Amino acid sequence: MKLIFTFLLSLLFINFTSPLYSYDSTKYAICYGKMTKAHKARGFHQSNRSQSILVKETVCKAYANGEINDYEGKDQY
């Protein structure tokens, strides 16, 4: 019983320390602001606000999790 408990705890520890949980809220906020600026510049923010918000949330969440490296509005230096 003790062995099973230890095994389950180790699985839980591995899951919480895996790279899947490397969410960076600062990266999300910066991404969201820059994408909003880009969407406003091309009129998407005004013409279809709900879709603009959905796109920004989806893309910036992926960026903050490290799943993607680029997004609309990101500086290309």
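Residues numbered from 1 in each chain as written. Predicted model: local features only at pLDDT ≥ 70, side-chain atom pairs only at ≥ 80, totals over all residues. Heavy atoms only, no water.

Colleague: Is there a simple way to explain the state of the cysteines in this structure?
Modeller: Any covalent bond linking the sulfur atoms of two cysteines counts as a disulfide. For the structure shown, the criterion picks out one disulfide. Sulfur-sulfur distance for the disulfide between Cys 31 and Cys 60 comes to 2.2 Å. Handedness of the Cys 31-Cys 60 disulfide follows from its S-S torsion of about -80°: it is left-handed. Taken together, the residues Cys 31 in helix H2 (residues 25–41) and Cys 60 in helix H4 (residues 49–64) connect sequence positions 29 residues apart. By relative accessible area, which is 0% here, Cys 31 ends up buried. Since its relative accessible area comes to 0%, Cys 60 is described here as buried. (Disulfide = S-S within 2.5 Å. Helix = DSSP H or I, 4+ residues; strand = E, 2+ residues; numbered from the N terminus. Buried < 20%, exposed > 50% of the residue type's maximum accessible area, 1.4 Å probe, protein only.)

Colleague: Explain the packing of aromatic side chains to me, please; I cannot follow it from the model alone.
Modeller: To describe a pair of aromatic rings, you give the distance between the ring centres and the angle between the ring planes. All told, the structure shown has three aromatic pairs when counted by the stated rule. Taking the centre distance of 6.3 Å and the plane angle of 40° together, the rings of Tyr 23 and Tyr 28 count as tilted. Overall, the relative accessible area of 22% leaves Tyr 28 in the partly exposed class. Centroid distance Tyr 28 to Tyr 32: 6.0 Å. Interplanar angle 25°. Geometry classified as stacked. Linking Tyr 28 with Tyr 32, this pair stays in helix H2, spanning four residues, or about one helical turn. Cluster of aromatic residues (ring-pair linked, three or more members): Tyr 23, Tyr 28 and Tyr 32. One Lys or Arg, Lys 27, reaches over the ring of Tyr 63 and ends 4.6 Å from the middle of that ring. (Phe/Tyr/Trp six-rings, centres within 6.5 Å; stacked < 30°, edge-to-face > 60°. Lys NZ or Arg CZ within 6 Å of the ring centre and 35° of its normal.)

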